[in-house]
Amino acid sequence: MDLVAGAVGSILTKLGELLHEEYKLQKGLPEQIEYLKNELESAHTALCKVGETPPEHLDRQVRLWAGDVREASYDMEDILDAFLVDVVEGAAPAETKSKKGLLKRLKKMAKLLKESKARHDIAGAIEDMKKRLQEVWDRRERYSIPVAVPAPATKLDPRLVDMHKEAAQIIGIERARAELIDMFQSSTHGHGDAGASSSSNRTNIVSVVGAGGLGKTTLAKAVYDELSTGYDCRAFVSVGCNPDLVQVFTSIFFGLDQNKYQAIRDIKDLQLLIVELRKFLENKRFFIVIDDVWDINSWKALGLALHQKNNGSRVVKTTRNLEVACVDEVYQLGPLSHDNSKKLFYMRLFGGEDNCPAHHPEGASEKILHKCGGVPLAIITMASLLVGKSRNDWFEVCNSPGFYGGRDNRQVDDTEWILSLSYYDLPSHLKTCLLYLSVYPEDYEIEKDSLIWKWVAEGFIEKKTGTSLFQRGEEYFHQLINRSMIQGVESEVDGIIHGCRVHDMVLDLIRGLAGEENFITISNEDGRTSSRHNLRRLAHQNRILLLGQSHRHRDTTQLRSLVAHGCDIRGWILSPSFKLLRVLALETCTSSNIQEYGRRWLEHLGELVHLRYLGLRHTNVRELPKAIGALKLLQTLDMLDTELHQLPWSISLLTRLVCLRCDSIFVMVPDGFLQKVTSLEELQISVCMLSSESERQFLKELGNQSLLRVLRVNGLGRLDESMQAELLKSLGNLQELQHLDLDYNLIRETSPASVEWDKAVLPEHLRRLRIQSIWFPCVPSFIYPTLLPNLCYLWLHVDHMDEAGLRALGGLPDLRCLSILPPDLIRGPTDYGMVVNIAAHDVFFPKLRILRLAGWMVQLATNGDSTSASLSIWRGGQDAAMVFDSDSKAEDGGRSRVARAPVAVMPNLQELVFTVPIRAFYKDIHATCDNNLGLDLECLPSLRYFLARLDCKDAFREDVNKANAELRRLAQLHPNSSALRFEVGKINVEDMMAGPIHSDGEESWEIQPFAS
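Residues numbered from 1 in each chain as written. Predicted model: local features only at pLDDT ≥ 70, side-chain atom pairs only at ≥ 80, totals over all residues. Heavy atoms only, no water.

**Q** Give a detailed account of the overall build of the protein, specifying residues and quantitative values.
**A** Assigned secondary structure in the protein consists of 27 helices and 29 strands. Residues classed as buried in the protein amount to 56% of the 1012 residues present. Pairs at least 24 residues apart make up 70% of the contacts formed inside the protein by residues separated by at least 6 positions. (Helix = DSSP H or I, 4+ residues; strand = E, 2+ residues; numbered from the N terminus. Buried < 20%, exposed > 50% of the residue type's maximum accessible area, 1.4 Å probe, protein only. Contact = heavy atoms within 4.5 Å.)

**Q** Give a description of the pairing of strand β12 (residues 583-587) that names residues and reports values.
**A** Summarising burial for β12: five of the five residues are buried, a large majority. Burial of β12 is two-sided: the residues Val583, Ala585 and Glu587 facing one way and the residues Leu584 and Leu586 facing the other way are all buried. Here strand β11 (residues 561-565) pairs with β12 via five bridges, running parallel. Of the residues in β12, the one forming a bridge with Val563 is Ala585. As defined by bridge partners, β12 adjoins strand β13 (residues 613-615) across three bridges and the pair is classed as parallel. Each bridged residue has a counterpart across the sheet, and for Val583 the counterpart in β13 is Tyr613. (Pairing = 2+ DSSP bridges.)

**Q** How would you sum up unusual backbone geometry? Please name residues and give values.
**A** Unlike most non-glycine residues, Asn542 shows phi in positive territory, near 50°. Take Asn542: it is sitting in the loop between β10 (537-541) and β11. Overall, Asn542 belongs to the partly exposed group, its relative accessible area being 31%. A positive phi angle, near 60°, is found at His618, a position not held by glycine. Looking at the element boundaries, His618 is found in the loop between β13 and β14 (636-638).

**Q** Please provide a residue-by-residue account of a nonpolar patch on the surface, values included.
**A** Among the surface-exposed residues, Phe666, Met668 and Met689 lie close enough to one another that they form a single nonpolar patch of about 260 Å² accessible area. Structurally, Met668 can be placed in the loop between β15 (659-662) and α22 (673-676). For Met668, a relative accessible area of 33% gives the class partly exposed. (Patch = residues over 30% accessible without salt bridge, like charges linked within 9 Å, V, L, I, M, F, W, Y side chains within 5 Å. Areas by Shrake-Rupley, 256 points an atom, 1.4 Å probe, with all protein chains shown as cover. Salt bridge = Lys/Arg side-chain N within 4 Å of Asp/Glu carboxyl O.)

**Q** Got a sec to walk through the sheet that holds strand β7 (residues 487-490)? Specific residues and values, please.
**A** Ordered in space as β6-β8-β7, the three strands form an open sheet in which the pairing is antiparallel. The two strands at the open ends of the sheet, each matched to only one other strand, are β6 (446-447) and β7. In terms of strand pairing, β7 meets strand β8 (residues 497-501) through four bridges, oriented antiparallel. The partner of Gln487 across the bridge, within β8, is Arg501.

**Q** Account for helix α23 (residues 692-701), with residues named and values stated.
**A** Where α23 is concerned, the buried positions are Ser694, Glu695, Phe698, Leu699 and Glu701. With its buried residues spanning 165° around the axis, α23 presents them on a single face. (Arc of directions from axis to C-beta.)

**Q** Talk me through the sheet that holds strand β1 (residues 204-209); I want residue IDs and the actual numbers.
**A** The five strands lie next to each other as β2-β3-β4-β1-β5, forming an open sheet whose pairing is parallel. Only two strands of the sheet have a single neighbouring strand rather than two, namely β2 (233-240) and β5 (329-332). Along the sheet, successive strands turn relative to each other by an average axial angle of 15°, direction set aside. Pairing analysis gives five bridges linking strand β3 (residues 286-293) to strand β4 (residues 314-319), with the strands arranged parallel. For Val289, the partnering residue across the bridge sits in β4 and is Val316. Packed on one face of the sheet, helix α9 (residues 245-256) meets β2 and β3 and runs near 155° to β2. (Axes fitted to C-alpha atoms, helices over the stretch in contact; angles between N-to-C directions.)

**Q** Describe the pairing of strand β28 (residues 945-951), listing the residues and the values that go with them.
**A** Counting buried positions along β28 gives six out of seven residues, so the element sits mostly inside the fold. One ladder, built from seven bridges, connects β28 with strand β29 (residues 981-987); its direction is parallel. Residue pairing for β29: Ala948 is matched across the bridge by Val984. Remark: the β28/helix α27 (residues 957-973)/β29 crossover connection has right-handed handedness. (Right-handed = clockwise from strand over helix to strand, strands pointing away.)

**Q** A description of the packing of helix α11 (residues 270-281) against helix α12 (residues 296-306) should follow, citing residues and the corresponding values.
**A** Running from N to C, α11 and α12 point in directions that differ by 35°, and their axes come no closer than 8 Å. Of the residues in α12, those in contact with Ile274, Leu277, Arg278 and Leu281 of α11 are Ala301, Leu304, Ala305 and Leu306. When grouped by side-chain class, the residues that make up the contact of α11 with α12 number seven nonpolar, no polar and one charged. (Nonpolar A, V, L, I, M, F, W, Y, C, P; charged D, E, K, R; others polar.)

**Q** Any chance you could break down helix α16 (residues 391-399) for me, citing the residues and the numbers?
**A** Every buried residue of α16 is listed here: Trp394, Val397 and Cys398. Projected down its long axis, α16 shows its buried positions confined to an angular sector of 100°, all on one face. Exposed residues on α16 whose side chains face more than 90 degrees from its buried face are Asn392, Glu396 and Asn399.

**Q** Explain the pattern of salt bridges to me, using residue names and the numbers behind them.
**A** A full pass over the atoms with the stated rule returns 36 salt bridges. Where Arg712 meets Asp741, a salt bridge forms, and the shortest distance between an N and an O atom there is 3.9 Å. Here the residue Arg712 occupies a position in strand β17 (residues 710-716), and Asp741 occupies one in strand β18 (residues 739-744), the gap between them amounting to 29 residues. The partly exposed category is assigned to Arg712, whose relative accessible area is 24%. Overall, Asp741 belongs to the buried group, its relative accessible area being 5%. Taken together, the shared-partner salt bridges in this structure form one network comprising Glu447, Arg617, Asp638, Arg661 and Glu682.

**Q** Provide a residue-level description of the packing of aromatic side chains, including the pertinent values.
**A** As enumerated under the stated definition, the model contains 19 aromatic pairs in all. With 4.9 Å between their ring centres and 80° between their planes, Tyr423 and Tyr424 make a pair best called edge-to-face. Overall, Tyr423 belongs to the buried group, its relative accessible area being 1%. On the basis of an interplanar angle of 15° and a centroid distance of 6.1 Å, the ring pair of Phe914 and Phe946 is categorised as stacked. Here Phe914 is found in strand β27 (residues 911-917), whereas its partner Phe946 is found in strand β28, with 32 residues between them in sequence. We note that Phe914, like Phe946, is buried. One aromatic cluster is present, formed by Tyr224, Tyr231, Phe236 and Phe287 through successive ring pairs. (Phe/Tyr/Trp six-rings, centres within 6.5 Å; stacked < 30°, edge-to-face > 60°.)

**Q** Before we move on, could you go through the confidence of the model for the protein and cite the residues and values that matter?
**A** The pLDDT averaged across the protein works out to 78; a share of 74% of its residues lies at or above 70. Scored below 50 in pLDDT, residues 884-899 shows 21 contacts in the model against residues more than four places distant or in partner chains. (pLDDT = per-residue confidence, 0-100.)

**Q** With reference to specific residues and values, describe the environment of Asp741.
**A** Along the primary structure Asp741 and Arg768 are separated by 27 residues, whereas in three dimensions their C-alpha atoms are 7.7 Å apart. Among all residues touching Asp741, those that are not within four sequence positions of it are Leu711, Arg712, Val713, Arg768 and Arg770. Within the structure, Asp741 has its side chain in polar contact with the side chain of Arg768 (distance 3.0 Å). (Polar contact = N/O pair within 3.5 Å; in protein donor to acceptor, adjacent residues only side chain to side chain.)

As structure tokens, then:
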């Protein structure tokens, strides 16, 4: 589907299929279809050229004509689809493959066309389409506009995420960050930021003010990261335009305290939330960032809770509006200097100014930088536009109409023009996909997979031989990131880009364009719309939807997409007039009257026979009507985080379903579902309520899903050897699998791995592997670098860790997160331990960011030759521990080890979690005389956080306190100690031995953050 061409391309495909086979059509009808097809092909060619041309290059009459053809194409597709569904879908079951399915449906339609009524219906449909097109042709003679078609990017630029971090967050921000920090520190009257209070003891609020795209959020985040440690609580929350203040306050609680968030999450009264927040913040030192405040009223509500005496607390507020700053201290953020602009520009283009080619057009660069005016977003966007372009292309950009605005033009207008230039440089299919993002609210993190499934349902994805529609959608998604039109959101855990955000300036641009083209209509405060055309796609955001509101003011019979985010439905009922709806997404929508989430509000669901996407995630839906089985075209059913208890048996009739998400632990799955629905690419389901035999059958039928990329199964019970054999046999058929989660049930039952796992070979495309329901005696043989080269995330229960297993884990080239747990954290472990020597030149855990070892101890030390290090992961008693020679440590506890440079064992590790068995270290004076735990944190140069759980079983309290003190000393020795967060906790406290106490600390340091 093309933004300008509308549904013309889709109609051409369907008309071509009608002519491809020999049908007994009414006399003269094939000729009429051929004529209509030829006319539409001519229109499609002209429309594609119009779509590639910026508006300033187009005659207004051409734009009007293009809009008429687009609207006519939607009407014509509606006519054709209504016929196909009414005549064909009611007579034959849907096929699995879309193209073959259409051919088979059309063959069956040929039989129906023998009947005079059917022949009359299709003849009438074609005649109506001809008339609709003729109305448009009569208004204009054909135009021909020669415009070159841009070449699309096809692969995600691997440098881009790091470039955004390095360029957008660091270049030019040092001075602003230092100045803003100085404003906070000077307000403490000489006590510095670490001071507990100032003379006034009031909350210090600083407003960062500046135009969109200058980097206010980036600056606030940099200051937040540097100063917020050491406070009692902290939060970073975005507000945005037309915010839901109840949700904003809830998000503040979520950041400040998880337990308090759980207590207030269902409160919808704003005044109550303000009171609760004031009470919670009393006598606490907090650091809060309130990002992107647009209006004074929103800040007044927030200020009621934050303006109080709070022992030197800090608040950073960012806004485009100086009036919102009120009486607070103001930091006016300006544009980048010319030198920093140039650095940022060349960083995005060439990776640095030093890499600039010899024949680079310096003059054009200066003109472009002048136009960008020091706005980081504009610079990055323009640089992304020019990546890989020739010298002629650079000068063409500089000489294009609109490049030079008058001196009176506002900076934001220039930036918007630059963004629009990049927009018109996109291929037509990417324009369509980008504009669709305007259905989402501001500052919204858009999940990648659900977005792509919506694109698929809308028909935006072009087919490509050998590639699924979802994979093509991923290519589109990466292209938009590469062109800096969206910002990829990368998981901190596994490094996988799982979503995106749209910058406010880009969102303003695409909303304006989407409205002009009648592509998407966003409802106003009262639910009304300003569109003068038929509604095609309607979005509601953060407002109340009343009964009949969405179709009270406009004709919605031609509505194709209805998307609502964060709305209160209040008795809203799905209208049967939405008969052409393809996408229905009510996400994070609730009702003030829970009873409305019964059968009534979805009672007309079965009449939406064109529906391809049904998303009800984060709602209170409890039941789906049986009539859902009539939705033969449904591709995606997203029921994540709902209150659904049962999937109706009729869901087995949805043979075109490619994505099913239903994670409710108590949901009932109909028997034989996977035997009838075999086209799934993503399946998230719980089997907790299945009987043992039904669970066995489920595992067996998984093998029918040869197209699966994502499989997440919750609620697995005990799996005997035969059930594991069925599971492994099925996994052998899932060669496209990329994500595999096998989670245990509510009582966390785990089963020992059967011998069949010794022969298992998992799909090489696997990127995420989480097996909770099965424990392995050692690291299984299928975990090997050459077998799983793409693995990013790994979670396993392992009983024994030997050197071969550890080296296999350390050799995984792309592993970012590793979690290793013993089979049972409660039972007494057997002694297991080994030592691995790692040379300085070895590649060991090259990309690992997070290492979580529940129940396991880790030890690290640089060896005496300074060319290698020793690594040990063990659990149990003292015989498993790695003993260090105390002579190898300096007498001052290691502080004077200047000559020995530490060997980086895991160079990119940022988070470390492990368990310290106190009894094993201090029994019989096992620890060295300087209380050394054998943990040289300097071998982890990138460490930012570590959590040590002290196992107090059979240990004296004095020894527990010794270990606590030693861990804090080790943290202080780390090169990044000023930025290092350290927490210590105790487990098995009830089994601690009675003994003398020689420390002032009792329980006060449990889960206590380390502050340098």
